[in-house]
Amino acid sequence: MKKIVITGGAGFIGSHIVEHFANTYPQSEIVVLDKMTYAADVRNILPLINNGRIRLLVNDICHLDSCLHAVQNADLVIHAAAESHVDNSFGNSMEFTRTNVLGTHALMEACRRENVKRVIHVSTDEVYGEIIEGAADEEALLRPTNPYSASKAAAEMIISGYLRSYKMPIVMVRANNIFEKRQFPEKIIPKFSLHLIKGEKLTIHGNGLNSRHYLSARDFAKALDLLAHKGEIGECYNVGTIEEYTNIQMAHLLCKIFDVDPEKTITFIT
């Protein structure tokens, strides 16, 4: 691959994707397209910028011209840019629709015009809604339950239209909750870790029994690399683990790592 474009590459997940592809494909040109919102940090990819390994374009994926410029002559585009924090989506839902739906539309149109050879769209398992029992496979109905997951489901509909109308080489991936270093401290693992470092209480909403699967960002980047070569055009792939923890279990696990008494550290709120 001569040129690889990664949107949202200065963010938490995106930076791990950038690292993997920059290290795995040393001869490829790597371009990062990022708006540099609160969730992005140039320090995530600064070493790769400083040594000339990657190029950062600071632009909004909602702007078609910016997308056209970024994806010109690209062999692979990985679309990881998104507004992704569920809690924020309740108070700022219009921005989620703008970025996740309009931004995806602009990028797909740019990829169509520039004849990009392969596109991987990073979606989320949140589009399945709440799975009380069993599991959701890739054929399950989309039942989004909040503005964030609704915007990601809508983005998938945009892509479905491009697949059917233009036969574009797009693969979609829905991943579990992703964790790793550099994660913004609005998510449970980095948030609780910072509280523990500062000697503060861990606050659990409700009974703490909501459960999530957790996937390493580095493992996710490897999955994207696999799909770049072996993913079937038009298919959607669930990527996850069997590592499932309730919020209270995660709190206890972190308390153990930090060697503090969970009984004195964990507090519950409505």
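Residues numbered from 1 in each chain as written. Predicted model: local features only at pLDDT ≥ 70, side-chain atom pairs only at ≥ 80, totals over all residues. Heavy atoms only, no water.

Novice: Explain the sheet that holds strand 4 (residues 76–79) here, please?
Specialist: What links the strands of a sheet is backbone hydrogen bonding, and the strands pair in either a parallel or an antiparallel sense. Across the sheet, seven strands lie side by side as 3-2-1-4-5-6-10; this open sheet has parallel pairing. Two strands lie at the open edges of the sheet, namely strand 3 (54–58) and strand 10 (236–239), each paired on one side alone. Ignoring strand direction, the axes of neighbouring strands in this sheet form an average angle of 20°. Where strand 6 (residues 170–175) and strand 10 come together, four bridges link them in parallel fashion. Bridge assignment links Ala 175 to a residue of strand 10, and that residue is Val 239. Of the strands in this sheet, strand 1 (3–7), strand 2 (29–34), strand 3 and strand 4 are in contact with helix 3 (residues 64–71), which crosses strand 1 at around 145°. (Pairing = 2+ DSSP bridges. Helix = DSSP H or I, 4+ residues; strand = E, 2+ residues; numbered from the N terminus. Axes fitted to C-alpha atoms, helices over the stretch in contact; angles between N-to-C directions. Contact = heavy atoms within 4.5 Å.)

Novice: What exactly am I supposed to notice about the packing of aromatic side chains here?
Specialist: Aromatic ring pairs: the centre-centre distance and the angle between the two ring planes describe each pair. All told, the structure shown has five aromatic pairs when counted by the stated rule. Between Phe 96 and Tyr 148, the ring centres sit 6.3 Å apart and the planes meet at 80°, which makes this aromatic pair edge-to-face. Of this pair, Phe 96 sits in helix 5 (residues 93–113) while Tyr 148 sits in helix 6 (residues 147–166), and the two are 52 residues apart along the sequence. Taken as a pair, Phe 96 and Tyr 148 share a single burial class, namely buried. Look at Tyr 162 and Tyr 166: their rings are 5.0 Å apart centre to centre, the planes differ by 45°, and that puts the pair in the tilted class. (Phe/Tyr/Trp six-rings, centres within 6.5 Å; stacked < 30°, edge-to-face > 60°. Buried < 20%, exposed > 50% of the residue type's maximum accessible area, 1.4 Å probe, protein only.)

Novice: How should I be thinking about the nonpolar core in this particular structure?
Specialist: Across soluble globular proteins, you tend to see nonpolar side chains buried next to one another. Counting 32 residues, the largest nonpolar core has Phe 21, Ile 78, Phe 220 and Leu 224 as its most contacted members. Elements supplying a minimum of two residues to this core: strand 1, helix 1 (12–24), strand 2, strand 4, strand 5 (118–124), strand 6 and helix 8 (217–230). Sorting elements by how many residues they give to this core places helix 8 first, with seven residues. Not counting residues up to four positions away in its chain, the partners in contact with Phe 21 are Ile 4, Ile 30, Arg 53, Leu 76, Ile 78, Ala 221, Leu 224 and Asp 225. (Core = buried A, V, L, I, M, F, W, Y, C linked by side-chain atoms within 4.5 Å.)

Novice: What is the right way to look at helix 1 in this model?
Specialist: Because each turn of an α-helix spans 3.6 residues, side chains separated by three or four positions end up pointing in the same direction. Given a rise of 1.5 Å per residue, 13 residues ought to cover 18 Å, and the 19 Å separating the end C-alpha atoms of helix 1 matches this to within 8%. Of the positions making up helix 1, those classed as buried are Phe 12, Gly 14, Ser 15, His 16, Ile 17, Val 18, His 20, Phe 21 and Ala 22. (Expected span 1.5 Å × (residues − 1).)

Novice: Explanation requested: the side chain of Thr 246 in the structure shown.
Specialist: Checked against the element boundaries, Thr 246 lands in strand 11 (residues 244–246). The residues touching Thr 246, leaving out its near neighbours within four places in the chain, are Gly 208, Leu 209, Asn 210 and Ser 211.

Novice: Is there a simple way to think about the pattern of salt bridges in this case?
Specialist: Side chains that differ in charge, positive against negative, can pair when their charged atoms come close. Tallying each qualifying case throughout the model produces 13 salt bridges. Residue Arg 55 is joined to Glu 29 by a salt bridge in which the shortest nitrogen-to-oxygen separation is 3.0 Å. Of the two residues, Arg 55 sits in strand 3 while Glu 29 sits in strand 2, which places them 26 residues apart along the sequence. Look at Arg 55 and you get partly exposed, because its relative accessible area is 36%. Owing to a relative accessible area of 35%, Glu 29 belongs among the partly exposed residues under this scheme. A network of salt bridges, in which partner residues are shared, links Lys 35, Asp 60, Glu 95 and Arg 98. (Salt bridge = Lys/Arg side-chain N within 4 Å of Asp/Glu carboxyl O.)

Novice: Looking at this structure, how should I read the pairing of strand 5?
Specialist: Two faces make up the sheet, and in a regular strand the side chains alternate between them. The element strand 5 is largely enclosed, with a buried count of seven among its seven residues. Alignment of strand 4 against strand 5, held across four bridges, turns out to be parallel. Counted as the bridge partner of Ile 78 is Ile 120 from strand 5. One ladder, built from six bridges, connects strand 5 with strand 6; its direction is parallel.

Novice: Would you mind going over the packing of helix 7 (residues 188–197) against helix 9 (residues 247–257) with me for this structure?
Specialist: Two numbers describe a pair of packed helices, the interaxial angle and the distance between the axes. Taken N-terminus to C-terminus, the directions of helix 7 and helix 9 make an angle of 45°; their axes are 10 Å apart at the nearest point. With respect to helix 9, the element helix 7 is oriented oblique. In this structure, helix 7 crosses over helix 9, and the sense of that crossing is right-handed. Across the interface between the two elements, Ile 188, Ile 189, Phe 192, Ser 193 and Leu 196 of helix 7 pack against Asn 247, Met 250, Ala 251, Leu 254 and Cys 255 of helix 9. Within the contact of helix 7 with helix 9, the residues separate by chemical class into eight nonpolar, two polar and no charged. (Parallel < 35°, antiparallel > 145°, perpendicular 65-115°, else oblique. Left-handed = near helix turned anticlockwise from the far one by under 90°. Nonpolar A, V, L, I, M, F, W, Y, C, P; charged D, E, K, R; others polar.)

Novice: Can you help me understand the layout of surface pockets in this one?
Specialist: One simple way to see leftover space: roll a probe sized like a water molecule over the atoms. Considered as a void within the structure, the second largest pocket measures approximately 390 Å³ in volume. Every residue lining the second largest pocket is counted, 15 residues in all, and those nearest its centre are Glu 138, Glu 156, Met 172, Arg 174 and Cys 236. Class assignment of the residues belonging to the lining of the second largest pocket gives a composition of seven nonpolar, two polar and six charged. (1 Å grid on protein atoms, 1.4 Å probe; cavity = no way out; pocket = protein on both sides within 12 Å on 5 of 7 lines; lining within 4 Å. Points joined across faces, edges and corners; volume = space filled by probe spheres on them.)

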